[in-house]
Amino acid sequence: MCSCNERREAEYEKTSWWEFLEADGKSDDYVHLLVIGVTRTLVAADARKASTKTDGNIILQLLYNFLNPTIRTDRLFNAPTNEAWLTPWHNYLTQKGVRYHHGWHLHNIKMDETGKVSQIEVRRHGETMGEHVKGDYFLLAVPVDMADKHISPEMKAMDPSLAKLDILAQSMSWMTGMQFYLNTEVNINPGHVNYAYSEWALTSVDQMRFWDNYDL
């Protein structure tokens, strides 16, 4: 809390959260609850790889926010995800003119002689022939390991920073969410749970506790 920004940049950026908390040699409870548990639950990061600067900054901000009654640190939807977010967002985008083309896969990114991405080739699943799509701008919104597979050596030669994607992909870990809608009331905890000793870094939240007068 007392460290200046210069120290965070120079020292803590190069120190893993695991090293900073001296996890080696500590008890299982210490490691599971304070080293791994905190980073997985609050930051969704690997304690052995994440820098102390990143983990520390985020965790401190969360702790400060938890202590402030005027801030809602942990925000949840006020209804099921489709109803509260996905369907309204989809409707808004389509009303603005966005068109969705389902079932197509990116096959190839093509550059023109100036090095600018000029078009992409897309194919339907299972088909060998595709279509070429032109545009003013292209947004590659895929996980970093898939982005690395689609970016050609020619593109990496044009922008050397793209060549580092394969290094970044090796440090990537997946985080997946799942929702269960049950037809009977199950009272585990009125809020969040961190299952510190679970094999899969499980956490859960009983969202209905935060929905006002909602009847499933």
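Since we're looking at a predicted model, the values are computed, not measured.

Enquirer: Is there a simple way to explain the state of the cysteines in this structure?
Expert: Where two cysteines share a covalent bond between their sulfur atoms, that bond is called a disulfide. Under the defined criterion, the tally for this structure stands at 0 disulfides. For the unlinked cysteine cysteine 2, the closest cysteine sulfur is that of cysteine 4, found at 11 Å.

Enquirer: Would you mind going over helix H5 (residues 81-95) with me for this structure?
Expert: Note that an α-helix has 3.6 residues per turn; residues three or four places apart therefore point the same way. Taking 1.5 Å of rise per residue, 15 residues should cover 21 Å, and H5 covers 20 Å from first to last C-alpha, within 8% of that figure. Downstream of H5 by one or two residues, glycine 97 has phi in the positive range, about 105 degrees.

Enquirer: Explain the environment of aspartate 145 to me, please; I cannot follow it from the model alone.
Expert: Mapped onto the secondary structure, aspartate 145 falls in helix H6 (residues 144-150). Sequence separation between aspartate 145 and proline 69 is 76 residues; the distance between their C-alpha atoms is 40 Å. For aspartate 145, the residues in contact, after removing those within four places along its chain, are Ala169, Met172 and Trp174.

Enquirer: How should the packing of aromatic side chains be read in this particular structure?
Expert: The geometry of an aromatic ring pair comes down to the distance between the two centres and the angle between the two planes. Under the definition given, this model contains 5 aromatic pairs. Considering the side-chain rings of tryptophan 89 and tyrosine 92, the 5.6 Å spacing of their centres and the 15 degrees angle between planes classify their relative orientation as stacked. Here tryptophan 89 and its partner tyrosine 92 are both found in helix H5, 3 residues apart, which amounts to about one turn of the helix. On the basis of an interplanar angle of 75 degrees and a centroid distance of 5.3 Å, the ring pair of tryptophan 211 and tyrosine 214 is categorised as edge-to-face. In this structure tryptophan 211 comes out as buried when scored by relative accessible area, which is 8%. Look at tyrosine 214 and you get partly exposed, because its relative accessible area is 24%.

Parameters at a glance
- Residues numbered from 1 in each chain as written.
- Predicted model: local features only at pLDDT ≥ 70, side-chain atom pairs only at ≥ 80, totals over all residues.
- Heavy atoms only, no water.
- Disulfide = S-S within 2.5 Å.
- Helix = DSSP H or I, 4+ residues; strand = E, 2+ residues; numbered from the N terminus.
- Expected span 1.5 Å × (residues − 1).
- Contact = heavy atoms within 4.5 Å.
- Phe/Tyr/Trp six-rings, centres within 6.5 Å; stacked < 30°, edge-to-face > 60°.
- Buried < 20%, exposed > 50% of the residue type's maximum accessible area, 1.4 Å probe, protein only.

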